Every structure is written in structure tokens, then in C-alpha cells.
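# Observations on chain architecture
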Amino acid sequence: MGIIKKITGRWKRIPFEGLTENDRVIILIGPTGVGKSSFINTATNGDLLPVHHEVTPCKTEITHIAHTPQEGGRQVVFVDTPALPEPDSKYSEAEIEELLSQWLKKAFTKKIKVAGFLYLHRITDNRATEPPRPHLRMIGHLCGLDSRAKALLVTTMWQIEDAKIAVQREEELVQKWSPLSGGSKATRYDGTHASAWSVVKLLLGEDIPTPRDEVRIAVMGLTGSGKSTFIKIATGIDTGVGHALESCTNTVNVFRLPFQEFSTHDVVFIDTPGFDVDDSEGRTEVEVLKMLSDWLKERNKGPLVSKLLYFHRIPNPRFAGSPLTNIDMYKALCALENIVLVTTMWDEENIDVAIAREKELVKKYWAELLKRGATIARFKGTRPSAFSIMGLDKPDSRQ
């Protein structure tokens, strides 16, 4: 199983009107190519902003990328600004400064507090000894418009420069940076998620929790097919009623688990009710699919899950059919290649009979779905087996 894509559902673009006075607003500024958009994408573990490598500025608008905390807390907002002008730029420093000044005045009117500015500078720039005084003057002026804001010099691209040269340039930059008021500091950014949040925490002056992405695993299947057992073995906790972190009218249970094995993301299990083979006996597959879809929409968690696990008891001689029957509903929740058809309880059936049933599932019931990209897996009842099925690195060898 390959590593599945993490979802950055709690990060999104918002208009200026989406800002509130309780937000932690961080403004990124710097010349073209210093890595402002890359910094935001790395901090958010996503691709919310296009990254360009042209010499000339690639945009002249201000973009807001906001993070909504999973349980209360203050929203963090990155403000990506147009590149500051180089000597040959078609935009003047005055134009960019006016754009930023107007934004700050508008924010002040709305009582939006700017936590600070991150000024990014390439440590590889051989013009580092030239004083960036125009830019520093601009930052000083902008900080003056919001006296609560601090400025932090962030040097980038250390990994592609000779260490001795980089350190020398850093010393020269810091000397030119020191005249700024408001407790200005300098720090390095090494291009990693952890480094990005170290920079943010230094600017804010507080140890805020580092936002984590989600890997959402939806589990579906017949009643008694082993869904809850799978989650219990994967997480090591009882997933019975009353232990879920979130529930939806006792129908969809959610378990958000910050596995220490993963430094940047949580695994979120979405446990759906079991359905029945015979529509007359209870909840149907279509009803469960709609329940899951409605749950995702109501909580603004996006239309997709990272992976959907479809469970089937291998000792069960009755078949519930195939997700292919309701293919459009499944495609609306998850890419077909991220559907895993999971057979369970192999230890409860004669191995020859179990293998024969698996072949029948593959050839008769699930053949078309497998052709379209879905995969099949056996759950062996162990934690490493569960993580392999989910498409995650094996966390450890615990059984």
C-alpha cells in the first residue's frame, strides 16, 4: 500500500472579510523568489499557493490563508503579499507600500491585530552586503501603522549555500536589521514544516500548538464485519459508544488520534454504522453513504476522505454486493484508487474455504472495481497490518 495523501482541510483561502479581531495575523513580505509562498505551503503541508520562479513578480494581490483550530482556539492567518520590487521591477516600492498600507488601515478599522511581519531574505543572494534599506524603511513604516506588530528577519535557502559564506552574510544582514524597533529578531528557515512553525512561534512569542494535517480513514461494511475491531487494534483504545471525540446523532463516530509516529498529522477514523445485506432488515448501504456524505458537508471537512476501507467477513457466505453498485456515491467521497476492499476474520474460517471465497469476491463481485483502481487486502488482526491497509508507514512492531 502506498503512502496516502494528507488532507489540509483546516487550511483554506479566505477573503479579507473572513478575518476577525481574535486572529493571529502574520504578514509575509520580501523580494521575488525568497520563498514566501513556499513557506506558507510548507507550514500548511499543502499546495494552497502557486510557487513561481520567475524574476519578475508573479502577482499583485494580497492572499489570506487561514487555519481553523480543531477545537476552539484562535485562528492563524498567513497574509501573502506581492513581491517587494527589485531594481528592474515594473512595480515601484511606493506602489507596493501603498497597497500594504491600505490593507493595514483597513485592518485597523476592523480592529484586526497584526501579530507581526516575516521579512524573508535569500541567504544565497550575493547582494546581501548591499543594504536592504528601502525595504527595511518600508517595514519600519508599516510596523509603525500597527505598533503592536513585530518584525522578524527570516533567512532562507541555507541548504544550497556554502555554510561559511552564509554565516558571514547573516551577520551583515543582522547588523542592518538591528535599527528596526519593536523587538525585531533574526532567524533561519530550513525549508521544513517544523522550522516554519519555529519561526511562527518566535514571532508570536508563545508556544502555540503546531497545526497538524489529517489523514481521514472512513470505514464501511456489513454489520459485524470487523470495522470497530480494526479501529481498536489500530489505535489501541476501545472505540465503543462514549469514547468517540465527536458523534453525529449516534450514527457516525469520529476518533482523532495524534499518533506520535507521525510528526505532522493526525489519523482521523470516521466509523460509520454497519449496513445489512437485505434492505428490509435494517440500514442500507445507500443510507450509510448518504449519512457519511452529510456528515462531511455539515462539518465543512471537504468532499473527500483520504482512504475508504470497505470491510467484509471472509467466513460470511453471503455477499453484500459491490461498492460498484453505488459507484457515483463512492466517487464523490473518495478516489476509486483509494478504496480498499478489506477481508477480515481469516482465523475463523478454514483457510482453503477462505481463499476460495476471496477468489470469488475478486472474480465475480469486485472485479470491475479492482479494474478501476481499488485494491484488496487481508486484515491479519495486528496493528502493523492495519497501518499497511491504511497506506501509512508501519508505526512499530507491536501486535
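Structure report, in brief. (Residues numbered from 1 in each chain as written. Predicted model: local features only at pLDDT ≥ 70, side-chain atom pairs only at ≥ 80, totals over all residues. Heavy atoms only, no water.)

## Considering the nonpolar core
Counting residues in hydrophobic clusters, the biggest one holds 31 residues, and the most contacted among them are Met220, Ile270, Leu308 and Ile339. Breaking this core down by element, the ones donating at least two residues are strand S8 (213-221), strand S10 (252-257), strand S11 (265-271), helix H7 (285-298), strand S12 (307-313), helix H8 (327-333), strand S13 (339-344) and helix H9 (351-365). Here this core gets six residues from one element, more than from any other, and that element is H7. Beyond its immediate stretch of four places on either side in the chain, Ile339 contacts Leu308, Tyr330, Cys334, Leu369, Ala374 and Thr375. (Core = buried A, V, L, I, M, F, W, Y, C linked by side-chain atoms within 4.5 Å. Buried < 20%, exposed > 50% of the residue type's maximum accessible area, 1.4 Å probe, protein only. Helix = DSSP H or I, 4+ residues; strand = E, 2+ residues; numbered from the N terminus. Contact = heavy atoms within 4.5 Å.)

## Digging into the packing of aromatic side chains
All told, the structure shown has seven aromatic pairs when counted by the stated rule. When the ring centre of Phe16 is taken as reference, the NZ or CZ atom of Lys106 above it lies at 4.4 Å. Above the plane of the ring of Trp346 lies Arg378, whose end atom (NZ or CZ) is 4.0 Å from the centre. (Phe/Tyr/Trp six-rings, centres within 6.5 Å; stacked < 30°, edge-to-face > 60°. Lys NZ or Arg CZ within 6 Å of the ring centre and 35° of its normal.)

## Let's talk about the packing of helix H1 (residues 36-44) against helix H5 (residues 193-204)
Between H1 and H5, the least distance of the axes is 8 Å, while the angle of their chain directions is 105°. Between H1 and H5, the interaxial angle falls into the category roughly perpendicular. Only His193, Ala196, Trp197, Val199 and Val200 of H5 make contact with H1, whose side of the interface consists of Phe39, Thr42 and Ala43. Among the residues forming the contact of H1 with H5, the class breakdown is six nonpolar, two polar and no charged. (Axes fitted to C-alpha atoms, helices over the stretch in contact; angles between N-to-C directions. Parallel < 35°, antiparallel > 145°, perpendicular 65-115°, else oblique. Nonpolar A, V, L, I, M, F, W, Y, C, P; charged D, E, K, R; others polar.)

## A few points about the pattern of salt bridges
The full count for this structure, using the stated rule, is seven salt bridges. Salt-bridge contacts for Arg313 lead to Glu348; the nearest nitrogen and oxygen are separated by 4.0 Å. Taken as a pair, Arg313 in strand S12 and Glu348 in the loop between S13 and H9 lie far apart in primary sequence, 35 residues in all. The salt bridge involving Glu368 is made with Arg372; its shortest N-O contact spans 3.5 Å. For Arg372, a relative accessible area of 41% puts it in the partly exposed group. (Salt bridge = Lys/Arg side-chain N within 4 Å of Asp/Glu carboxyl O.)

## Some details on helix H4 (residues 163-177)
The end-to-end C-alpha distance of H4 is 20 Å, a good match for the 21 Å that 15 residues give at a rise of 1.5 Å each. Buried residues of H4: Ala166, Arg169, Glu170, Leu173 and Trp177, and no others. For H4, the buried positions fall inside an angular range of 110° around the axis, keeping them on one side. Turned more than 90 degrees away from the buried face of H4 sit Lys164 and Gln175, all of them exposed. With a side-chain oxygen positioned 3.1 Å from the backbone nitrogen of Lys164, the residue opening H4 is Asp162. (Expected span 1.5 Å × (residues − 1). Arc of directions from axis to C-beta. Polar contact = N/O pair within 3.5 Å; in protein donor to acceptor, adjacent residues only side chain to side chain.)

## Focus: the environment of Glu98
With respect to the secondary-structure elements, Glu98 resides in helix H2 (residues 93-109). Overall, the relative accessible area of 43% leaves Glu98 in the partly exposed class. Side chain to side chain, Glu98 and Gln102 meet in a polar contact 2.7 Å long.

## Overview of the side chain of Ser195
Positionally, Ser195 belongs in helix H5. On the basis of relative accessible area, Ser195 is assigned to the buried category, the value being 9%. Residues within four places of Ser195 in sequence aside, it is in contact with Arg188, Tyr189 and Asp190.

## Side note on the packing of helix H6 (residues 227-235) against helix H11 (residues 383-390)
Look at H6 against H11: their axes get within 8 Å of each other, and the N-to-C directions meet at 110°. The angle between H6 and H11 places the two elements in the roughly perpendicular class. On the side of H6, the interface is formed by Phe230, Ile233 and Ala234, while H11 contributes Arg383, Ala386, Phe387, Ile389 and Met390. Across the contact of H6 with H11, the residue classes break down as seven nonpolar, no polar and one charged.

## Section: H9
Along its 15 residues, H9 runs 20 Å from first to last C-alpha, staying within 8% of the 21 Å computed at 1.5 Å per residue. Buried-residue contacts for H9 involve S12, S13, helix H10 (367-371) and strand S14 (375-378). The backbone nitrogen of Asp352 has a side-chain oxygen 2.9 Å away, supplied by the residue at the start of H9, namely Asn350.

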